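Chain by chain, the residues run as shown.
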Amino acid sequence: MRPSAPPTLHLRPGRDKPVRGRHPWIFSGAVARLEGEVEPGSLGRVRTAEGEELGWASLNPRSQILGRMLSWQPEARIDEAFWRARLAEALDLRAALPDSPLADPEGACRLVHAESDGLPGLVIDRYGPFLVLQALTAGIEVLKQDLAAWTAELWRAATGRDCAGIYERSDVDVRAKEGLAEQVGPLWGEAPPPRLWLREALGKPLAGGAGPAEVRLPVDIASGHKTGAYLDQAVNRRRVAAYARGRRVLNAFCYTGGFGLHALAAGAASLTQMDSSATALAAGAEALERAGLGGPGEGAAGAVEWVEADAFTQLRRWRDAGRQWDLIVLDPPKFVQHAGQIAKAGRAYKDINLLALKLLAPGGILASFSCSGLVSPDLFLQILHGAALDAGRDLCIVETLGQAPDHPVRLSFPEGRYLKGLLGRVV
Ligand code: SAH
């Protein structure tokens, strides 16, 4: 796999610091020249302006991120054994988590979190016996077939269970930045069924929860959002549900309603699920029924409301109508794709949080999230502060939330931390 004369990326003078700090990205501005035949996805050596070898990167001349470091050892061989070792390490990290998310045959979790697992550009999520692969970079694109086969083997070794199939969901905007078209379809083994019902594999079951209910989420691998579900919220769904007993709950930007489902299982008095996607709401309604919470006369079923609407408009309508809730979850989509959008996104976050604060009854709880990596935790806190001031409410943060531990963050790659959540009480 290693060519006899690999290409070389030569850094500009003084631009070696991020690489030495183990940041995996080499931006085109830091590169003096590429030497040799470089195709998108080629493996190359990385050298300082003085000629010192810093390691190996996967290269893509079409991307602003020209190099992605794979190894900081100039003597490393980036061969099949290298990739297998990285994949095995990623699986090991999950296996070693409390409540190992690999254990439940019908569980779902993230197996590979790209740069954070030393595998730049590769995401692999697991839904029961099916895996879903996202190739975000040219370096992964050229290897994806092999990576799929190796992962299936490692999965079997780690769990003793067969992987049924690996499906590709490389339908993400960032591929355009790499000069890659979107790609979706079976990659290895069987194609997944249109709908799977899975348990979230992370987070402890609710202690003393009234849950009649075994909570399972609907996952449509081929057509759902992301790779089929928002796995990063798995732990937070239970954290937030722990506040739900006896409360009227509004779950805004609910997708298939995971937060609301857990809240009902934990004894919420009523539930309003709101999203702009009719398909997601329909799947969510089925999930409630399967959990024994959705049929007439069962559980809090009479008090479940499904609202298909634009949240910005609907929250205003409810404010004007004087509606009130005791627990509101705000989990909007990513508002910031690039740094130029931060200010505008800040206003959008402030807008929905301000409205939500006005909809909360005294003593109410707000669980507010931002999955925009470019909005820092500090900025998010400031935005909420601004919203509270303008709403004339005082919010006291009692829990600070983040992405589930199967979405780890390397200290050398802070960009891997993107999901922030604040849970506060109106005082
Ligand atoms: N809370 C969900 C994930 C939410 S992702 C979970 O736990 O699974 C963001 C959701 O916001 C998506 O389901 C998307 O359909 C929805 N959405 C995007 N823009 C919206 C808008 N303007 N109004 C309402 N919903 C919106």
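Now for a quick tour of the structure. On a predicted model such as this, the values are computed, not experimentally measured, just so you know.

**Considering the packing of aromatic side chains**
1) Next: Summed over the entire model, instances satisfying the criterion amount to nine aromatic pairs.
2) Next: Relative to Tyr255, the ring of Tyr230 lies with its centre 5.0 Å away and its plane at 85°, an arrangement referred to as edge-to-face. In this pair, Tyr230 is assigned in the loop between strand 13 (217-219) and helix 6 (234-241) and Tyr255 in the loop between strand 14 (248-252) and helix 7 (258-265), connecting sequence segments 25 residues apart.
3) Next: Residue class for Tyr230 comes out partly exposed when judged on its relative accessible area of 25%.
4) Next: With a centroid separation of 6.1 Å and an interplanar angle of 45°, the aromatic rings of Phe312 and Phe335 are classed as tilted. With a gap of 23 residues between them, Phe312 in helix 9 (residues 311-321) and Phe335 in the loop between strand 17 (325-330) and helix 10 (342-359) connect regions that are remote in the sequence.
5) Next: Within the aromatic cluster, the residues linked to one another by ring pairs are Phe312, Phe335, Tyr349 and Phe380.
6) Next: Lying across the ring of Phe259, Arg237 places its NZ or CZ 5.7 Å from the centre.

**Focus on helix 9**
1) Next: Considered for burial, the residues of helix 9 that qualify are Ala311, Gln314, Leu315 and Trp318. Buried residues along helix 9 cover an arc of 100° about the axis, so they all sit on one side.
2) Next: Buried residues in helix 9 make contact with strand 14, strand 15 (270-275), strand 16 (304-308), strand 17 and helix 10.
3) Next: Taken from the residues just after helix 9, Gly322 is the one with a positive phi, measuring 75°.

**With respect to the nonpolar core**
1) Next: Formed by 35 residues in total, the largest nonpolar core has its most connected members in Leu315, Trp318, Ile328, Leu330, Leu357 and Leu366.
2) Next: Contributions of two or more residues to this core are made by strand 14, helix 9, strand 17, helix 10, strand 18 (360-370), helix 11 (377-391) and strand 20 (420-426).
3) Next: If near-sequence neighbours (up to four positions away) are discounted, Leu357 is found in contact with Leu366, Ala387, Ala388, Ala391, Arg393, Leu395 and Val426.

**Structural notes on the pattern of salt bridges**
1) Next: With the rule as written, the count across this model stands at 29 salt bridges.
2) Next: Residue Glu106 pairs with Arg199 through a salt bridge whose shortest N-O separation is 3.7 Å. Note that Glu106 is positioned in the loop between helix 2 (80-95) and strand 7 (107-113) and Arg199 in strand 12 (residues 196-200), a separation of 93 residues in sequence.
3) Next: According to the relative accessible area criterion, Glu106 is partly exposed, its value standing at 36%.

**Considering the site of the ligand**
1) Next: Taken together, 15 residues form the shell around the ligand, and within it Arg237, Asp275, Asp310, Ala311 and Asp331 come nearest.
2) Next: Within the side chain of Asp310, one N or O atom sits 2.7 Å away from a nitrogen atom of the ligand.
3) Next: Isolated, the ligand exposes 580 Å² of accessible area, and the fraction of that covered by the protein chains is 89%.
4) Next: Taken together, the residues of the shell around the ligand sort by class into eight nonpolar, three polar and four charged.

**Quick look at the pairing of strand 1 (residues 8-11)**
1) Next: On strand 1, burial covers both faces: Thr8 and His10 on one face and Leu9 and Leu11 on the other are all buried.
2) Next: Note that strand 1 and strand 4 (residues 42-47) share three bridges and pair parallel. Across the sheet, the residue bridging to Leu9 is Val46, located in strand 4.
3) Next: Here four bridges tie strand 1 to strand 3 (residues 31-35), and the two strands are oriented antiparallel to one another. Bridged to His10 within strand 3 is Arg33.

**Considerations on helix 10**
1) Next: For helix 10, with 18 residues, the first-to-last C-alpha span of 26 Å sits near the 26 Å given by 1.5 Å per residue.
2) Next: Where helix 10 is concerned, the buried positions are Ala345, Gly346, Ala348, Tyr349, Ile352, Asn353, Leu354, Leu355, Ala356, Leu357 and Leu359.

**Topic: the environment of Leu330**
1) Next: Mapped onto the secondary structure, Leu330 falls in strand 17.
2) Next: Looking at Leu330, the relative accessible area reads 0%, which means it is buried.
3) Next: Look past the residues within four positions of Leu330 in its chain and what remains in contact with it is Ala252, Phe253, Leu315, Ile352, Asn353, Ala356, Leu366, Ala367, Ser368 and Phe369.

**Remarks on the sheet that holds strand 4**
1) Next: Across the sheet, which stays open at both edges, the six strands sit in the order 2-6-5-4-1-3 with mixed pairing between neighbours. Across the chains shown, the open sheet's two edge strands, defined by having one partner strand only, are strand 2 (25-27) and strand 3. With strand direction ignored, the average angle separating the axes of adjacent strands in the sheet is 35°.

**With respect to the side chain of Glu178**
1) Next: Turning to its location among the elements, Glu178 is positioned in the loop between helix 5 (174-177) and strand 11 (183-189).
2) Next: The buried category is assigned to Glu178, whose relative accessible area is 4%.
3) Next: Separated by 3.0 Å, the side chains of Glu178 and Asn60 make a polar contact.

**Digging into empty space enclosed by the protein**
1) Next: This structure, assessed with the given rule, holds one cavity of 30 Å³ or more.
2) Next: The calculated volume of the largest cavity comes to roughly 40 Å³.
3) Next: Lining the largest cavity are Ser58, Leu59, Asn60, Ile65, Leu66, Gly67, Arg68, Thr137, Ala138, Gly139 and Glu178.
4) Next: Every element with two or more residues in the lining of the largest cavity is listed here: strand 5 (53-59), strand 6 (65-71) and helix 3 (138-141).
5) Next: With four residues, the top contributor of residues to the lining of the largest cavity is strand 6.
6) Next: The residue inventory of the lining of the largest cavity, partitioned by class, reads four nonpolar, five polar and two charged.

Rules and cut-offs
Residues numbered from 1 in each chain as written. Predicted model: local features only at pLDDT ≥ 70, side-chain atom pairs only at ≥ 80, totals over all residues. Heavy atoms only, no water. Phe/Tyr/Trp six-rings, centres within 6.5 Å; stacked < 30°, edge-to-face > 60°. Helix = DSSP H or I, 4+ residues; strand = E, 2+ residues; numbered from the N terminus. Buried < 20%, exposed > 50% of the residue type's maximum accessible area, 1.4 Å probe, protein only. Lys NZ or Arg CZ within 6 Å of the ring centre and 35° of its normal. Arc of directions from axis to C-beta. Contact = heavy atoms within 4.5 Å. Core = buried A, V, L, I, M, F, W, Y, C linked by side-chain atoms within 4.5 Å. Salt bridge = Lys/Arg side-chain N within 4 Å of Asp/Glu carboxyl O. Near = heavy atom within 4 Å. Polar contact = N/O pair within 3.5 Å; in protein donor to acceptor, adjacent residues only side chain to side chain. Areas by Shrake-Rupley, 256 points an atom, 1.4 Å probe, with all protein chains shown as cover. Nonpolar A, V, L, I, M, F, W, Y, C, P; charged D, E, K, R; others polar. Pairing = 2+ DSSP bridges. Expected span 1.5 Å × (residues − 1). Axes fitted to C-alpha atoms, helices over the stretch in contact; angles between N-to-C directions. 1 Å grid on protein atoms, 1.4 Å probe; cavity = no way out; pocket = protein on both sides within 12 Å on 5 of 7 lines; lining within 4 Å. Points joined across faces, edges and corners; volume = space filled by probe spheres on them.

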